[in-house]
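Residue-level structural notes
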Amino acid sequence: KIIKNKIISLNSPSILLNTSGSSGIPKIVRISYQNLKSNTLGIIKSLNLTEKDRSISTLPLFYTYGLSILNTHMFTGGTFYVTNNSILQKSFEEEFSNFKPTIFSGVPSTFQILKKINYSYIKQHFIRKITQAGGALDSVTQVEILKICSNFKDFFVMYGQTEATARITCFNLRTNQKKIGSVGLPLNNISIEIKDQNPVTKIGRICIKGPSVTTGYISNCSELVSKPITRTLDTGDLGYLDEDGFLFITGRSSRFCKINGKRYNLDVIEQEFNSTNSNKINIVSDDNFLFLFTTVPIPKKFYKTIGIHPTLIKLILLENIPLKANGKIDYTYLLELAKNKVREK
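Not measured: the values here are computed from a predicted model.

What counts as what
- Residue numbering note: each chain is counted from 1, following its sequence as written.
- It should be noted that, the model being predicted, local features are given only for residues of pLDDT at least 70 and side-chain atom pairs only at 80 or more, the latter also being counted only at that level, while totals for whole chains, interfaces and linings use all residues.
- Hydrogens and waters are ignored; side-chain quantities use all the structure's heavy atoms.
- Labels follow the DSSP assignment, with helices taken as runs of H or I lasting at least four residues and strands as runs of E lasting at least two, numbered in each case from the N terminus.
- Categorising residues by exposure relies on relative accessible area from a 1.4 Å probe, with only protein chains included: less than 20% of the type maximum marks a residue as buried, more than 50% marks it as exposed, and the intermediate range marks it as partly exposed.
- Working rule for contacts: check all heavy atoms of both residues, and any pair within 4.5 Å makes them a contact.
- Polar contact is the term for a pair of N or O atoms within 3.5 Å; when the atoms are in protein, one must be able to donate a hydrogen and the other to accept it, and sequence-neighboring residues count only if both atoms are side-chain atoms.
- This arc corresponds to the set of directions leading from the helix axis out to the C-beta atoms.
- Only the stretch in contact is used when a helix axis is fitted, and all axes are lines through C-alpha atoms; the angle between N-to-C directions ranges over 0 to 180 degrees.
- The cut-offs work like this: below 35 degrees is roughly parallel, past 145 is roughly antiparallel, 65 to 115 is roughly perpendicular, and the gaps in between are oblique.
- In this scheme the handedness of a crossing depends on how the near helix is turned from the far one: anticlockwise by less than a right angle means left-handed, clockwise means right-handed.
- In this count, Pro and Cys sit with the nonpolar residues alongside Ala, Val, Leu, Ile, Met, Phe, Trp and Tyr, while Asp, Glu, Lys and Arg are called charged and the others, Gly among them, polar.
- The term salt bridge refers to a pairing of a side-chain nitrogen on Lys or Arg with a carboxyl oxygen on Asp or Glu at a separation within 4 Å.

**Quick notes on the environment of D242**
- On the secondary structure map, D242 appears in the loop between β13 (233-241) and β14 (247-252).
- On the accessibility criterion, D242 (14% relative accessible area) is buried.
- In this structure D242 touches K179 and F248, once residues within four positions along its chain are discounted.
- In terms of polar contacts, D242 uses its side chain to reach the side chain of K179, at 2.6 Å.

Encoded structure:
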């Protein structure tokens, strides 16, 4: 029903987006017009977007990152080309060449695909900005992209969550190469606080405040019209701020296990192994074993680099590592696969 002469409040819900959250259980986030506007403006400023910028859809629009790319271009008067084709299809290559976008955006899995085709898309002269979010991109790939950028292309690394509308931090890695490994500085209207810090490492829970932080999840229609609240968002991520205010993420608070009384950070183990080995792994645990998922066999001699007794490590080979719709590793599904393997025995 259209209500005439009705002025939409900035606190009114603008869109509902699904997110898996930290537990892997699907949830619905209520995003208000105020959340959407403030985050869009923060992103535009951090990326220095103008009406001359042109993007092509390389990410689904139901994913907060993909949707925010569309929103920022609509706000600035830029151009956004929507395609149903994937970057591996010949038809995408034709659309890409004809449209000539100035920006190429992706999540880590996007850039792993690009690596297999020699980064052909981002090497094009008309690409001026490359943006990456949706999880940690390994440092080797970041360095390879920086070499492509030289002095002519900008490479923006970002971090975000649906619960904060879209993006939280951003920075141009090309002009801040000493900060490789960071996800950048908070947007101009967001503040970051590290709570429960370890006194030695300074690592703690990443919490944020700002007008793009949503009221939270909804479970029924009546909560659609509930009065928004100003709150601090506990992202569920762990990390620290360096002396210049750059944020570094070290893992998720839920990505820990305890085996034989010893606590392990699965993200740290995974990142350390993958940074020194060409054969990549993804790890889950049921607090009894460490399950390594990979697409190629890994000799047991490499197990010692993980720092846990080899008898407590189980290797599971897959043809492909399962991904969520947003391109992130589906660790919830991997854990189910691991538990099924244990049951079979």
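**Some details on helix α5 (residues 139-149)**
- Of the positions making up α5, those classed as buried are T141, Q142, I145, L146, I148 and C149. For α5, the arc enclosing every buried residue in end-on projection is 155 degrees, short of the 170-degree limit, so these residues lie on one face.
- Of the surrounding secondary structure, the elements contacted by the buried residues of α5 are α4 (108-116), β6 (129-132) and β7 (154-160).
- S150 lies just past α5 and shows a positive phi near 50 degrees.

**Details of the packing of α4 against α5**
- Put simply, α4 and α5 touch, their axes get as near as 11 Å, and they point 60 degrees apart. Judged by the inter-axis angle, α4 sits oblique to α5. In this structure, the crossing between α4 and α5 has a hand that is left-handed. Here F111, Q112 and K115 of α4 lie close against α5, whose contacting residues are T141, E144 and I145.
- For the contact of α4 with α5, the residue count by class is 2 nonpolar, 2 polar and 2 charged.

**Observations regarding the pattern of salt bridges**
- For the coordinates displayed, the defined rule picks out 11 salt bridges.
- Residues K179 and D242 are paired through a salt bridge, measuring 2.6 Å at the closest nitrogen-oxygen approach. With K179 in the loop between β8 (167-172) and β9 (185-186) and D242 in the loop between β13 and β14, this residue pair connects regions lying 63 residues apart in the sequence.
- Among the residues examined, K179 registers a relative accessible area of 12% and is labelled buried.
- Here D237 and R252 are joined by a salt bridge, their closest N and O atoms 2.8 Å apart. Of this pair, D237 sits in strand β13 while R252 sits in strand β14, placing them 15 residues apart in sequence.
- A network of salt bridges, in which partner residues are shared, links K179, D242 and D244.

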